[in-house]
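Report on the structure
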Amino acid sequence: MLSSRRMLAAASAAACVGVVATVILFVTASSRAEPTRSEYLAGIAAVCRLYGPRLDRIRPPDVAEPANVIAAVDLVLPLVKAQLRRVRALEPPHELRPRVERWLALHERRLGMLERAQAAGRRQDFRSLSVAYVDFALAGSETGRLAREIGIPHPPC
């Protein structure tokens with residue numbers, strides 16, 4: 001009978017420790033202030049400064065030359081993926097969240113276009129390659145417009 005009481009006491013103590021740990025985690029997470037608009041935009045600018053020059057060194061290809069489009073897409077795609085990963089890791093302030101999520105969704109859509117272009121290039125489907133690459137380029141204007149509304153540095157990431 002004594003061992004049952006000890007087991008019950010140990011279980012109660014463990015439950016209390018779990019509740020206390022949960023409360024501490026909640027309070028710690030809640031007390032962390034979200035970034036300000038300027039802090040968030042500074043984070044975006046830092047990512048742009050890292051990837052922008054690398055992307056700028058890649059010459060935009062002439063769509064009429066599939067080999068150049070394939071080469072450019074192969075160089076651009078990993079950089080765009082890495083840049084998007086870094087931008088997604090930044091927490092936007094509450095006030096910007098809906099527009100930032102829309103902006104990131106547009107980036108994801110453009111990333112998909114580049115991936116389709118790369119896949120078409122590997123299949124030597126030059127028509128699909130050109131269409132996907134042109135779609136990628138044209139979708140940049142909407143992404144850029146939304147970036148300017150948010151206050152993201154130009155040229156936008």
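When we look at a pair of aromatic rings, we describe it by the centre distance and by the angle of the planes. The tally for this structure, following the rule as stated, stands at 1 aromatic pair. Both rings, one in tyrosine 133 and one in phenylalanine 136, keep their centres 6.1 Å apart while their planes meet at 35°; by these two values the pair is tilted. A residue pair is termed a helical-turn pair when its members lie 3 or 4 positions apart in one helix, as tyrosine 133 and phenylalanine 136 do in helix H5 (residues 126-150) at 3 residues. No difference in accessibility class separates tyrosine 133 from phenylalanine 136, as the two residues are buried. The side chain of arginine 54 reaches across the aromatic face of tyrosine 51, ending 5.3 Å from its centre. Over the ring of phenylalanine 136 we find arginine 110, and its NZ or CZ is 4.0 Å from the ring centre.

Before going further, it helps to examine helix H2 (residues 37-56). With 20 residues, H2 extends 27 Å from end C-alpha to end C-alpha; this agrees with the ideal 28 Å at 1.5 Å per step. The axis of H2 is deflected most strongly, by about 30°, at arginine 49, and proline proline 53 appears within four residues downstream. Taken as a whole, H2 has its buried residues at Tyr40, Leu41, Gly43, Ile44, Ala45, Val47, Cys48, Tyr51 and Gly52. Elements in contact with the buried residues of H2: helix H3 (66-89), helix H4 (97-123) and H5.

Our next topic: the pattern of salt bridges. A full pass over the atoms with the stated rule returns 10 salt bridges. Taking the shortest distance from any N to any O, the salt bridge between arginine 88 and glutamate 108 comes out at 3.1 Å. Of the two residues, arginine 88 sits in helix H3 while glutamate 108 sits in helix H4, which places them 20 residues apart along the sequence. Glutamate 108 gets classed as partly exposed once you look at its relative accessible area, which sits at 34%. Sharing partners across several salt bridges, the network here consists of Glu34, Glu91 and Arg97.

Attention now moves to the nonpolar core. Core analysis: the biggest nonpolar cluster contains 36 residues, and Ile44, Trp103, Leu114, Ile150 and Ile152 have the highest contact counts within it. Put simply, the parts of the chain that give this core at least two residues each are H2, H3, H4 and H5. Per element, the largest residue contribution to this core is 10 residues, and it comes from H3.

For the rest of this paragraph, the subject is the packing of H2 against H3. Orientation of H2 relative to H3, taken along the N-to-C sense of each, is 175°, at an axis distance of 10 Å. Between H2 and H3, the angle is such that the two are roughly antiparallel. Contacts between H2 and H3 involve Ile44, Val47, Leu50, Tyr51, Gly52, Arg54 and Leu55 from the first element and Val76, Leu79, Val80, Ala82, Gln83, Arg86 and Val87 from the second. Taken together, the residues of the contact of H2 with H3 sort by class into 10 nonpolar, 2 polar and 2 charged.

Conventions adopted
- Residues numbered from 1 in each chain as written.
- Predicted model: local features only at pLDDT ≥ 70, side-chain atom pairs only at ≥ 80, totals over all residues.
- Heavy atoms only, no water.
- Phe/Tyr/Trp six-rings, centres within 6.5 Å; stacked < 30°, edge-to-face > 60°.
- Helix = DSSP H or I, 4+ residues; strand = E, 2+ residues; numbered from the N terminus.
- Buried < 20%, exposed > 50% of the residue type's maximum accessible area, 1.4 Å probe, protein only.
- Lys NZ or Arg CZ within 6 Å of the ring centre and 35° of its normal.
- Expected span 1.5 Å × (residues − 1).
- Bend = angle between axes of the 7 residues up to and from the residue.
- Contact = heavy atoms within 4.5 Å.
- Salt bridge = Lys/Arg side-chain N within 4 Å of Asp/Glu carboxyl O.
- Core = buried A, V, L, I, M, F, W, Y, C linked by side-chain atoms within 4.5 Å.
- Axes fitted to C-alpha atoms, helices over the stretch in contact; angles between N-to-C directions.
- Parallel < 35°, antiparallel > 145°, perpendicular 65-115°, else oblique.
- Nonpolar A, V, L, I, M, F, W, Y, C, P; charged D, E, K, R; others polar.

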